[in-house]
Amino acid sequence: MTFSLKSLLTVSAIALTASFATIQPAAALDDQQKKEIGDFIKEYLVEHPEVLLDAQAALEKKQDEARIAQSSQVITQNKDAIFNSKDDVAIGDPKGDITVVEFFDYNCTYCRHALGDMDKLLQQDKNVRFVLKEFPILGQDSVAASRVSSAFRLLAPEKYAEFHHKLLGSDGRASEDTAIDVATSLGVSEAAIRAEMAKAPNTAMIKATYQLATDLGVNGTPAYVIGNEMISGAVGLDAIKEKIANVRSCGKTSC
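Basis of the calculations
Residues numbered from 1 in each chain as written. Predicted model: local features only at pLDDT ≥ 70, side-chain atom pairs only at ≥ 80, totals over all residues. Heavy atoms only, no water. Axes fitted to C-alpha atoms, helices over the stretch in contact; angles between N-to-C directions. Helix = DSSP H or I, 4+ residues; strand = E, 2+ residues; numbered from the N terminus. Parallel < 35°, antiparallel > 145°, perpendicular 65-115°, else oblique. Left-handed = near helix turned anticlockwise from the far one by under 90°. Contact = heavy atoms within 4.5 Å. Salt bridge = Lys/Arg side-chain N within 4 Å of Asp/Glu carboxyl O. Buried < 20%, exposed > 50% of the residue type's maximum accessible area, 1.4 Å probe, protein only. Right-handed = clockwise from strand over helix to strand, strands pointing away. Pairing = 2+ DSSP bridges. Disulfide = S-S within 2.5 Å. Nonpolar A, V, L, I, M, F, W, Y, C, P; charged D, E, K, R; others polar.

- The name given to the chain in an unreviewed UniProt entry is Protein-disulfide isomerase, with the source organism recorded as Rhizobium miluonense.

Here's what the structure looks like:
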């Protein structure tokens, strides 16, 4: 049987540490013994820095597993609120085998970039149901635009996807005025929008979404829920498609 230098050094380190531990507790090591152990570890790490990369990778994997486990529990406990809220609009296949939920803000630059990912996903995968969950966190203009959006959804739900695309895809900052401009361009009058906003304010909806986002650990937009996982950031189409493929394959985002 042969041993690599790395294996021999590792065994030596363990043996050296064990020999000191057998003789006396670590706290009782004298300065010379501590120096010998420290010098040995330093020398080993300098000669084999890849060990630090391995440790970092292991730490990141452990943290990801803990994060997914926590979000999975919250998703299970709040399944209807996440995937089937009456306040959200689903586009794509209403009976799709996979549902993707996106938390978004109309003033989120990254959400605007991610709009193209949604379009391509729905073009390429006809069996995806995509839920749009308004999460206005970028100031009062975002809140105001969301109020107009909610009123528009109640008045013309069949046109909401087009409204969403035009407002999120437009240049400049979204606000109450720009949202109303989009609504009127799609055939819903400003008077009707303002009357609906007064009659059915979306304050409760926004509050519920904020609480749900807090429970899930969502702290920015866009954020996605796919299967058993909450995913932060505009991760890109390929990453979303990989998560979807994994859910179809093994029932989880990571197989």
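**Here we look at the packing of helix 6 (residues 140-155) against helix 7 (residues 160-168)**
Part 1 of the argument: Contact geometry for helix 6 and helix 7: axes closest at 10 Å, N-to-C directions at 160°. If you check the angle between helix 6 and helix 7, you find them roughly antiparallel. Regarding helix 6 and helix 7, the two cross each other, and that crossing is right-handed. Here helix 6 contributes Ala145, Val148, Ser149, Phe152 and Arg153 to the contact with helix 7, which in turn contributes Tyr160, Phe163 and Leu167.

**Here we look at the pattern of salt bridges**
Part 1 of the argument: Scanning all chains against the criterion turns up eleven salt bridges.
Part 2 of the argument: Across the salt bridge formed by Lys133 and Asp88, the nearest N and O atoms sit 2.5 Å from each other. Taken together, the residues Lys133 in strand 3 (residues 128-134) and Asp88 in the loop between helix 4 (79-83) and strand 1 (89-92) connect sequence positions 45 residues apart.
Part 3 of the argument: You can call Lys133 buried: its relative accessible area is 2%.
Part 4 of the argument: Residue classification places Asp88 among the buried positions, given a relative accessible area of 14%.

**Thoughts on the pairing of strand 2 (residues 98-104)**
Part 1 of the argument: Judged by how many residues are buried, strand 2 sits mostly within the fold: seven of seven residues are covered.
Part 2 of the argument: Because side chains alternate across strand 2, one face comprises the buried residues Ile98, Val100, Glu102 and Phe104, and the other comprises Thr99, Val101 and Phe103, equally buried.
Part 3 of the argument: The parallel pair strand 2 and strand 3 is bridged by helix 5 (residues 109-124), and the resulting crossover is right-handed.
Part 4 of the argument: Sheet analysis places strand 2 next to strand 4 (residues 223-226), joined by four bridges and oriented antiparallel. Within strand 4, the residue paired with Glu102 across the bridge is Tyr224.

**Things to note about the state of the cysteines**
Part 1 of the argument: Scanning the entire structure with this criterion turns up one disulfide.
Part 2 of the argument: The partner cysteine of Cys250 in its disulfide is Cys255, sulfur to sulfur 2.1 Å. Judged by the sign of its S-S torsion, about -90°, the cystine formed by Cys250 and Cys255 is left-handed.
Part 3 of the argument: Cys250 gets classed as partly exposed once you look at its relative accessible area, which sits at 34%.

**Let's talk about the packing of helix 5 against helix 7**
Part 1 of the argument: With their axes 10 Å apart at the nearest point, helix 5 and helix 7 run at an angle of 140° to one another. Relative to helix 7, the element helix 5 is oriented oblique. Residues Cys111, Arg112, Leu115, Met118 and Asp119 of helix 5 form the contact with helix 7, whose own contacting residues are His164, His165 and Leu168.
Part 2 of the argument: In terms of residue class, the contact of helix 5 with helix 7 is built from four nonpolar, two polar and two charged.

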